[in-house]
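Architecture at a glance
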Amino acid sequence: MTMATPPGAWHIGVIGGSGLYETAPLDDAQQIDVQSSFGSPSGPITTGTLTGTDGPVRFTFLARHGAGHTLPPSAINYRANVDVLKRCGVTDVLAISAIGSLQEEYAPGDFMAVDQIIDRTMDSTTGRERSFFGAGCVAHVPLADPVCPQLSVMAANAAEAAGATVHRGGTYVAIEGPQFSTRAESHMYRAWGGDVIGMTAMPEARLVREAELPYALLGMITDYDCWRVGEDGAAQDVDIAQILEVMARNGDIARAALAQLAQSLPPQRDPSPTDTILDTAIITAPEARNPQVMARLDAIAKRVTGG
Ligand SMILES: CSC[C@H]1O[C@H](OP(=O)(O)O)[C@H](O)[C@@H]1O
Ligand SMILES: Nc1ncnc2[nH]cnc12
């Protein structure tokens, strides 16, 4: 199944992270089966609408770790997840993630609209697939600002309207996991300028950019990472019980933020530079492109290659 979104309309793809396995209740919700040429996405996709100022706004939701949280960060098929959202016709992607705090002022329970990412998953040997392109069709998209500022502001406003304390901007350090960091790593990430830490924003943000979709990342701060010294003077460790407790409290706020976002979107979606990022990114000459590789890119690159 694929869906077309009319020009100028919004269609928000939501990738729900830890603690957000279900979307806000959608009108006319249906579970749809969308096949990807990049393998299996994390799980079923739910599509439906939320009330906007000028009528219903379509939202399509996917739980990043699968229903029941069966997939660790390294086993998520990020390409399939983004490919199916593209096939659904989403115009923008809002990722929601549990994150640890690397700075005192970002307290558990707060939210952050992340605007920068340091990718440590690049150093791992597990080989998360980080591009739709490669041999047979080479593309280089710019990624200096991986987050769309307009969408990020709207997501931050929506979370605030839903009752959250929201920090606007911050650097997310993406680690491979699944273990949390060592204390030395945590101190190093702070020295690098990291504000928060998680395991999933990369390669997700890279792939969403290649799919020509503006991306925003709303993080729910669940814990202080292990750099912190507690009030008793003892070095603290990440406490999964605390993470689960904060996640449980924050899920409803995140869902309420989706409803608020629907109500605050301008009636008409203005074009974003990301919508056409592949115009100048694909470097392989048309006659040199591998037809099999191009067939897999039928959704991602259709706009520029004609599918
Ligand atoms: C349950 S804490 C660790 C886990 O939570 C975050 O996932 P997500 O970004 O999908 O919310 C973090 O990145 C880890 O995967
Ligand atoms: N401290 C932490 N480190 C990595 N990922 C996280 N997700 C939530 N808290 C985290």
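Computed from a prediction, not measured in an experiment: that's the story for all the values here.

1. Overview of helix α5 (residues 240-264)
For α5, with 25 residues, the first-to-last C-alpha span of 34 Å sits near the 36 Å given by 1.5 Å per residue. Within α5, the axis deviates most sharply at N250, by approximately 30°. Residues I243, V246, M247, N250, G251, A254, A257, L258, L261 and A262 constitute the buried set of α5.

2. Thoughts on the site of ligand 1
Taken together, the neighbourhood of ligand 1 is formed by G17, S18, R64, H65, P73, S97, A98, G198, M199, T200, I243 and M247. M199 is positioned with one of its backbone polar atoms (N or O) 2.7 Å from an oxygen atom of ligand 1. In the environment of ligand 1, an oxygen atom lies 2.6 Å from a nitrogen or oxygen atom belonging to the side chain of T200. Burial of ligand 1 by the protein amounts to 91% of the accessible area it has alone, namely 390 Å². When residues of the shell around ligand 1 are traced back to their parent elements, those giving at least two are β5 (92-101) and α5. Among the residues forming the shell around ligand 1, the class breakdown is five nonpolar, six polar and one charged.

3. Section: the UniProt feature "binding site: substrate" (unreviewed entry) in the protein
Sequence positions flagged by UniProt for "binding site: substrate" (unreviewed entry) are, in local numbering, M199, D223, Y224 and D225. Along the chain, M199 turns up in the loop between β10 (196-198) and α4 (201-210). Ignoring sequence-local partners within four residues, the contact set of M199 consists of P73, Y78, R128, Y172, I175, E176, G177, P178, Q179 and F180. Structurally, the position occupied by D223 is in strand β11 (residues 215-224). Residue classification places D223 among the buried residues on the basis of a relative accessible area of 3%. Contacts of D223, omitting those with residues within four sequence positions, involve I99, G100, S101, P108, V238, Q242 and I243.

4. Description of the side chain of T284
With respect to the helices, strands and loops of the structure, T284 is situated in the loop between α5 and α6 (291-296). Accessibility expressed as a relative area gives 14% for T284, which makes it buried. Only 2.7 Å separates the side chain of T284 from the backbone nitrogen of V138, close enough to count as a polar contact. In this view, T284 contacts G136, C137, V138 and R289; residues no more than four positions away in its chain are not counted.

5. Concerning the pairing of strand β9 (residues 171-174)
The alternating pattern of β9 places T171 and V173 and Y172 and A174 on opposite faces, both of which are buried. Summarising the sheet, β9 and β10 pair through three bridges and their orientation is parallel. In the sheet register, V173 faces β10, and the bridge partner there is I197. Traced from β9 through helix α3 (residues 183-191) to β10, the parallel crossover comes out right-handed.

6. Brief notes about the packing of helix α1 (residues 78-88) against α4
The contact between α1 and α4 brings their axes to 9 Å, and the two run at 35°. Crossing of α1 over α4 shows right-handed handedness. Here Y78, R79 and V82 of α1 lie close against α4, whose contacting residues are P203, E204, L207 and V208. Classifying every residue of the contact of α1 with α4 by side-chain character gives five nonpolar, no polar and two charged.

Each value, and the rule that gives it
- Residues numbered from 1 in each chain as written.
- Chains lettered and ligands numbered in written order.
- Predicted model: local features only at pLDDT ≥ 70, side-chain atom pairs only at ≥ 80, totals over all residues.
- Heavy atoms only, no water.
- Helix = DSSP H or I, 4+ residues; strand = E, 2+ residues; numbered from the N terminus.
- Expected span 1.5 Å × (residues − 1).
- Bend = angle between axes of the 7 residues up to and from the residue.
- Buried < 20%, exposed > 50% of the residue type's maximum accessible area, 1.4 Å probe, protein only.
- Near = heavy atom within 4 Å.
- Polar contact = N/O pair within 3.5 Å; in protein donor to acceptor, adjacent residues only side chain to side chain.
- Areas by Shrake-Rupley, 256 points an atom, 1.4 Å probe, with all protein chains shown as cover.
- Nonpolar A, V, L, I, M, F, W, Y, C, P; charged D, E, K, R; others polar.
- UniProt positions renumbered as here; feature names shortened; annotations may be inferred.
- Contact = heavy atoms within 4.5 Å.
- Pairing = 2+ DSSP bridges.
- Right-handed = clockwise from strand over helix to strand, strands pointing away.
- Axes fitted to C-alpha atoms, helices over the stretch in contact; angles between N-to-C directions.
- Left-handed = near helix turned anticlockwise from the far one by under 90°.

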